Amino acid sequence: MVYVPLTEIFDKSREAFAQAHGESHGFAAATIAFLIGMAAIALIDRLVPNPHETLDANDPAFQESRRQHVARIGMMAAFAITAHNFPEGLATFFATLESPTLGMPLAFAIAIHNIPEGISIAAPVYFATRNRKLTVLACLASGLAEPLGAILGYTLLKPFLSPAIFGSVFGIIAGVMVFLALDELLPAAKRYSDGHETVYGLTSGMAVIALSLVLFHF
């Protein structure tokens, strides 16, 4: 989720911008789009904080909360995570549209990332309602934000698709993915690490993705 955006997706952005504005301006435009993507997801995270790191069903304060209060927390979590899932769905769709080689590892990384998010919705909703069906539906509704984000994004952008639009989308996607990895995945991994395991995992993951991309290019 760090290696693919910084190498493959950013390069796709640069190439698309180069077609639209020439090689000399392609890199600059891709860099601007990348920074816009990081700024946009940072703004979303500031306005609608992702609560999956702060909700813990084993926390005594959580257990002592009234059910109505916990239900409200669950709904807020679902709303916040849904807001974060829209750009993830758009990113996966456009990456796969351009190249399945890009889209598959990105989709896998986001799928792993969605597991703790689903738990953070399920825990408070089930605690408050004791209703398994409602809990599953709440998680499903949040998860469906990703394909919905892909459909809406493509529908809105389809009439305007051009090298410049592709360059902008890929640059923004690259920025979003790097921000999410550094802001959410890396700190989450570090919390369960006693030493250098997080860095070993990061570099091993990069190596596996790099080798797979090399093989796909043959």
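Note: the structure precedes this text.
Residues numbered from 1 in each chain as written. Predicted model: local features only at pLDDT ≥ 70, side-chain atom pairs only at ≥ 80, totals over all residues. Heavy atoms only, no water.

**Q** Can you tell me about the overall build of the protein, naming the residues and giving the values?
**A** Within the protein, the secondary structure is distributed over nine helices and zero strands. Ordered by position from the N terminus, the helices and strands of the protein form the series α-α-α-α-α-α-α-α-α. Here the protein holds 218 residues, and the buried ones make up 38% of them. The contacts of the protein with a sequence gap of at least 6 include a subset with a gap of at least 24, amounting to 80%. As displayed, the protein offers around 12100 Å² of accessible surface, 70% of which is attributable to carbon and sulfur atoms. (Helix = DSSP H or I, 4+ residues; strand = E, 2+ residues; numbered from the N terminus. Buried < 20%, exposed > 50% of the residue type's maximum accessible area, 1.4 Å probe, protein only. Contact = heavy atoms within 4.5 Å. Areas by Shrake-Rupley, 256 points an atom, 1.4 Å probe, with all protein chains shown as cover.)

**Q** Can you lay out helix α2 (residues 23-47) for me, pointing to particular residues and giving the numbers?
**A** The end-to-end C-alpha separation of α2 is 37 Å, in line with the 36 Å expected for 25 residues at 1.5 Å each. For α2, the complete set of buried residues consists of Gly-26, Ala-29, Ala-30, Ala-33, Phe-34, Gly-37, Ile-41 and Asp-45. (Expected span 1.5 Å × (residues − 1).)

**Q** Mind laying out the pattern of salt bridges, listing which residues take part and the relevant values?
**A** Evaluation of the coordinates by the stated rule reveals two salt bridges. The closest approach of N and O atoms between Arg-14 and Asp-11, which form a salt bridge, is 3.0 Å. Placement of both Arg-14 and Asp-11 in helix α1 (residues 3-21) is noted, with a separation of three residues, approximately one turn of the helix. Take Asp-11: its relative accessible area is 29%, and that puts it in the partly exposed class. (Salt bridge = Lys/Arg side-chain N within 4 Å of Asp/Glu carboxyl O.)

**Q** Before we move on, could you go through the packing of α1 against helix α8 (residues 163-191) and cite the residues and values that matter?
**A** For any two helices packed against each other, one specifies the crossing angle of their axes together with the interaxial distance. For the pair α1 and α8, the least separation of the axes is 7 Å and the interaxial angle reads 160°. By the angle class used here, α1 and α8 are roughly antiparallel. For α1 against α8, the interelement crossing comes out left-handed. Residue-level contacts link Pro-5, Leu-6, Ile-9, Phe-10, Lys-12, Ser-13, Ala-16, Phe-17, Gln-19, Ala-20 and His-21 of α1 to Pro-163, Ala-164, Phe-166, Gly-167, Ser-168, Phe-170, Gly-171, Ile-173, Ala-174, Met-177 and Val-178 of α8. Residues belonging to the contact of α1 with α8 are distributed by class as follows: 15 nonpolar, six polar and one charged. (Axes fitted to C-alpha atoms, helices over the stretch in contact; angles between N-to-C directions. Parallel < 35°, antiparallel > 145°, perpendicular 65-115°, else oblique. Left-handed = near helix turned anticlockwise from the far one by under 90°. Nonpolar A, V, L, I, M, F, W, Y, C, P; charged D, E, K, R; others polar.)

**Q** So, the nonpolar core: which residues are in play, and what are the values?
**A** The nonpolar side chains of a soluble globular protein tend to be buried, and buried together. If you look at the biggest cluster of nonpolar residues, it comprises 30 residues, and the most contacted ones within it are Met-1, Ile-9, Ile-173 and Met-177. Among the secondary structure elements, those contributing two or more residues to this core are α1, α2, α4 (67-98), α5 (100-129) and α8. Residue contributions to this core peak at 11 residues, all from α8. Once you skip the residues sitting within four places of it in the chain, Met-177 turns out to touch Met-1, Pro-5, Glu-88, Ala-91, Leu-106 and Ile-110. (Core = buried A, V, L, I, M, F, W, Y, C linked by side-chain atoms within 4.5 Å.)

**Q** Before we move on, could you go through the packing of aromatic side chains and cite the residues and values that matter?
**A** Evaluated as defined, the whole model comprises two aromatic pairs. Centre to centre, the rings of Phe-10 and Phe-27 are 5.6 Å apart; their planes meet at 75°, and the pair counts as edge-to-face. Note that Phe-10 is positioned in helix α1 and Phe-27 in helix α2, a separation of 17 residues in sequence. Seen in terms of ring centroids, Phe-10 and Phe-34 are 6.1 Å apart; in terms of plane orientation they differ by 85°. Their pairing is edge-to-face. (Phe/Tyr/Trp six-rings, centres within 6.5 Å; stacked < 30°, edge-to-face > 60°.)

**Q** Mind laying out helix α6 (residues 132-143), listing which residues take part and the relevant values?
**A** With 12 residues, α6 extends 16 Å from end C-alpha to end C-alpha; this agrees with the ideal 16 Å at 1.5 Å per step. Those residues of α6 that fall on the buried side of the exposure criterion are Thr-135, Ala-138 and Ser-142. End-on view of α6: buried residues confined to an arc of 60°, all on one side of the axis. Projecting away from the buried face of α6 at angles above 90 degrees are the exposed residues Arg-132, Lys-133, Val-136 and Leu-137. Here α6 starts with a cap whose side-chain oxygen sits 3.0 Å from the backbone nitrogen of Lys-133, and that cap is Asn-131. (Arc of directions from axis to C-beta. Polar contact = N/O pair within 3.5 Å; in protein donor to acceptor, adjacent residues only side chain to side chain.)

**Q** Residues and numbers for the packing of α6 against helix α7 (residues 145-157), please.
**A** With their axes 5 Å apart at the nearest point, α6 and α7 run at an angle of 25° to one another. As summarised for this structure, α6 and α7 are arranged roughly parallel, according to the angle between their axes. Side by side, α6 and α7 meet where Ala-141, Ser-142 and Gly-143 of the first sit next to Ala-145, Glu-146 and Pro-147 of the second.

**Q** Outline a nonpolar patch on the surface, supporting the account with residue identities and numerical values.
**A** Nonpolar side chains collect at one region of the surface, where Phe-108, Ile-112, Ile-115 and Ile-119 lie side by side and expose about 430 Å² of accessible area between them. With respect to the helices and strands, Phe-108 occurs in helix α5. (Patch = residues over 30% accessible without salt bridge, like charges linked within 9 Å, V, L, I, M, F, W, Y side chains within 5 Å.)

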